[in-house]
Amino acid sequence: MLFKRFLSLILSLAIILTFSVSTFATNLSDIDRKVSEAEAAEKEESGAENGQQSGGFGSRGGFGRGIMPFYSSSEYLYNLFNEIVDLYVNTHLYSFTREEAIDRFFRDLIEEHPEYYKLILNTFLGTMDKYSAFHSASSGYLDPEENLGYGILTETVSEGLLIDDVLSGSPAERAGIVKGDVITEISGVKLEGLGWNAISAMMKRPYLFFCEKNADGKYDDYNPEISFTAVRGDETFKFRLRKEDVFRSELTYAYYEKEGVEYIAISSFLDPATVNGFYDLLSKCSQNGVKKLIIDLRDNGGGALDYALSMAENFVDQNDVMCYFHSRKLEDLEPIISTNGKFSFDSISVLIDGGTASAAELMANILKTKAGAVLVGQTSVGKAIGQSIYTLATGDYITITTYEILDINKQSYNEIGLIPDLEISNVELLYDFPKLEYFNHENYKTIVYGEENEACLALEKRLNMMDLLIDEKVDGIWDDSTKNAVWVMQKRSFLSVADGNLNDETVTYITDAINTFKDYTYYEDSQLDVAMLYHSSLDQARRLIEEKKILAKKSARQIQENRRKLEEQYLSENEP
């Protein structure tokens with residue numbers, strides 16, 4: 001099988017490159033003639049009863065006439081190539097093996113075409129699995145992903161931004177920001193009443209809002225230091241921050257008091273702090289008597305296997321087997337044993353989907369087989385093989401698949417995936433477009449600062465839909481909050497005038513943006529709904545799945561009908 005894949009590689013490269021091999025001109029001409037005959041025979045016999053064709057490839061050393069109907073063109077060429085190689089090896093003046101010919105071919109190919117070295121190497125490394133590969137030193141394969149930020153976790157409140165948490169070692173921590181502070185201004189712009197999209201736009205691209213372009217149309221600094229005003233109790237203070245590369249926790253968690261369920265989402269297994277953070281969360285659950293747990297592993301592509309195992313063994317009795325490892329170095333399967341005691345939960349549900357892979361699948365599998373967890377969602381990727389990283393003298397890297405993971409029954413789920421116990425897809429829903437008062441190029445001119453106005457109310461409802469203005473500020477009064485929301489929208493949308501005042505261009509942009517909501521759809525978290533209900537009743541969770549399936553079909557019809565109406569409306573409005 002390996003040898004056939006080598007030949008397939010050679011064929012692919014031979015197609016890419018043009019080689020002049022005059023030595024075989026006579027043989028190749030004869031082959032071309034036979035291929036033409038085979039193609040002609042295929043056409044003649046294509047109309048035969050039941051679509052059957054006679055002929056096919058003969059034994060080694062000779063070509064049969066015709067092409068079997070189940071052969072694809074690539075399969076035909078592959079078999080043809082094998083015939084050529086056999087003919088070459090068996091009839092050449094000098095005696096050599098197929099392996100020797102292939103080795104010489106690679107040597108000559110790389111020597112004559114070094115520009116194809118990476119292509120050749122990656123194609124070879126991917127012969128047996130898609131995860132083995134070559135990575136150049138400059139690719140950043142092993143470099144941590146840059147994540148610029150200020151190091152704060154926030155939520156919008158009427159006054160501005162409430163600090164929910166400050167990341168350790170971050171610029172915000174060094175500036176003295178603490179949990180509970182409220183940021184009320186950014187570089188003199190008041191945040192009162194602004195929605196999350198407005199505030200986050202200023203924080204993500206501060207240069208766009210607070211810096212001037214040079215004559216060449218560029219900024220001097222794309223990561224400028226900006227000022228913040230914050231309130232802590234009765235105290236107001238200012239500080240300046242510049243974004244830095246900060247680590248964002250791989251853990252997101254929340255406690256659903258009504259259901260008595262702790263929810264923990266794990267985005268990846270790349271940082272060792274995640275292991276301790278997860279343990280701390282489980283300890284807190286134990287101390288508070290929480291007995292129901294949801295672990296969300298959706299879109300978790302994996303990471304360090306050791307981290308996943310360390311986190312999974314919190315649910316496994318000490319000295320119990322969690323899974324097995326298989327590699328060429330081991331004569332027998334190696335059992336992976338839990339070394340810690342476990343936390344006890346009455347019920348555990350694990351959310352998985354088509355983005356759950358590798359270490360995340362391992363953790364989900366251990367929770368299912370050893371802790372009785374129920375898997376909810378969609379079938380996972382099915383990556384139960386792992387890679388070792390080898391560093392070359394050049395600084396480049398090679399990843400090679402060196403081991404496989406088997407479950408406690410010594411079965412592999414590689415290329416299969418984990419099948420959820422409660423299978424459910426998130427339902428796509430049509431946005432409920434609200435009834436809006438008129439806002440157009442005429443009535444916007446009636447808006448006056450500080451006065452209540454129907455046109456202003458219509459504008460604010462639209463700004464609220466775009467998450468530029470919070471609900472409390474939709475009052476029909478043009479004030480600083482409304483003006484700042486308009487200003488942010490103008491700046492982030494690169495409108496020609498960005499001063500917070502209304503003009504024809506701004507009104508046109510708002511109208512066009514709001515019209516996109518008429519065809520807007522979103523996905524509800526049906527999977528989380530089912531996982532949550534499971535902790536109350538398995539039967540109810542199953543009934544909810546059936547209800548969601550009905551809802552999905554109904555919603556699909558609504559979406560299709562809505563698009564049909566919008567298309568008809570567009571055609572009628574644009575008739576010549």
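Residues numbered from 1 in each chain as written. Predicted model: local features only at pLDDT ≥ 70, side-chain atom pairs only at ≥ 80, totals over all residues. Heavy atoms only, no water.

### So, unusual backbone geometry
If you check the backbone angles, glutamate 415 has positive phi at about 65° while not being a glycine. As for its placement among the helices and strands, glutamate 415 is situated in the loop between β18 (397-406) and β19 (422-423). Under the relative-accessibility criterion, glutamate 415 is labelled exposed at 54%. A positive phi angle, near 60°, is found at aspartate 467, a position not held by glycine. (Helix = DSSP H or I, 4+ residues; strand = E, 2+ residues; numbered from the N terminus. Buried < 20%, exposed > 50% of the residue type's maximum accessible area, 1.4 Å probe, protein only.)

### Here's the deal with helix α16 (residues 538-573)
Helix length check: α16, at 36 residues, gives a terminal C-alpha distance of 52 Å against a target of 52 Å (1.5 Å per residue), a fit within 8%. Elements in contact with the buried residues of α16: β19, β20 (428-430), β21 (521-523) and α15 (526-534). The backbone nitrogen of aspartate 539 lies 3.4 Å from a side-chain oxygen of the residue at the head of α16, namely serine 537. (Expected span 1.5 Å × (residues − 1). Contact = heavy atoms within 4.5 Å. Polar contact = N/O pair within 3.5 Å; in protein donor to acceptor, adjacent residues only side chain to side chain.)

### A look at the confidence of the model for the protein
The predicted model of the protein has a mean per-residue pLDDT of 87, with 86% of residues at 70 or higher. Taken together, the stretch residues 1-7 has pLDDT below 50 and engages in 17 contacts with residues farther than four places along the chain or on a different chain. Contacts from residues 47-69, a stretch scored under 50 in pLDDT, to residues over four places away or in other chains number 43 contacts. (pLDDT = per-residue confidence, 0-100.)

### Considerations on the pattern of salt bridges
For the coordinates displayed, the defined rule picks out 20 salt bridges. Here aspartate 296 makes a salt bridge to arginine 298, at a shortest N to O gap of 2.8 Å. Here aspartate 296 and arginine 298 have matching classes, each one buried. For lysine 548, the salt bridge goes to aspartate 529, with nearest N and O atoms at 3.7 Å. Taken together, the positions of lysine 548 in helix α16 and aspartate 529 in helix α15 put the pair 19 residues apart, joining distant regions of the chain. Bridged by salt links that share partners, the residues Glu192, Lys473 and Asp479 form one connected network. (Salt bridge = Lys/Arg side-chain N within 4 Å of Asp/Glu carboxyl O.)

### Some details on the packing of α15 against α16
The contact between α15 and α16 brings their axes to 7 Å, and the two run at 160°. Judged on the interaxial angle alone, α16 and α15 are roughly antiparallel. In the crossing of α15 with α16, the sense of the turn from one axis to the other is right-handed. From α15, Ser526, Asp529, Val530, Leu533 and Tyr534 reach across to α16, where they touch Leu538, Gln540, Ala541, Leu544, Ile545 and Lys548. A per-class count over the contact of α15 with α16 returns seven nonpolar, two polar and two charged. (Axes fitted to C-alpha atoms, helices over the stretch in contact; angles between N-to-C directions. Parallel < 35°, antiparallel > 145°, perpendicular 65-115°, else oblique. Left-handed = near helix turned anticlockwise from the far one by under 90°. Nonpolar A, V, L, I, M, F, W, Y, C, P; charged D, E, K, R; others polar.)

### As for the sheet that holds strand β16 (residues 374-377)
The mixed open sheet is built from six strands, whose spatial order is β10-β11-β12-β15-β16-β19. Each of the sheet's edge strands pairs with one partner strand only, and the pair in question is β10 (251-256) and β19. Relative to β16, strand β15 (residues 347-352) is paired through four bridges, and the arrangement is parallel. Bridge pairing in β16 places isoleucine 352 opposite glycine 377. Running at roughly 175° to strand β11 (residues 261-266), helix α9 (residues 273-287) makes contact with β10, β11 and β12 (292-296) of the sheet. Seen against the sheet, α15 touches β10, β11, β12, β15, β16 and β19 and runs at an angle of roughly 170° to β15. (Pairing = 2+ DSSP bridges.)

### Let's talk about the side chain of threonine 274
Along the polypeptide, threonine 274 turns up in helix α9. Assessed through its relative accessible area of 3%, threonine 274 is described here as buried. A polar side-chain atom of threonine 274 sits 2.4 Å from a polar atom in the side chain of glutamate 250. Setting aside anything within four residues of it in sequence, one finds threonine 274 in contact with Glu250, Leu251, Ile266, Ser268 and Met311.

### Section: the nonpolar core
Residues Ile152, Phe228, Phe439 and Leu459 are the most contacted members of the largest nonpolar core, which totals 51 residues. The dominant element in this core, judged by the number of residues it contributes, is helix α12 (residues 454-465), at six residues. Discounting residues that sit within four places of it in the chain, phenylalanine 439 has contacts with Tyr444, Ile447, Ala455, Ala458, Leu459, Arg462, Leu502, Val507, Ile510 and Thr511. Counting residues in hydrophobic clusters, the runner-up holds 42 residues, among them Ile264, Val275, Leu309 and Met363. (Core = buried A, V, L, I, M, F, W, Y, C linked by side-chain atoms within 4.5 Å.)

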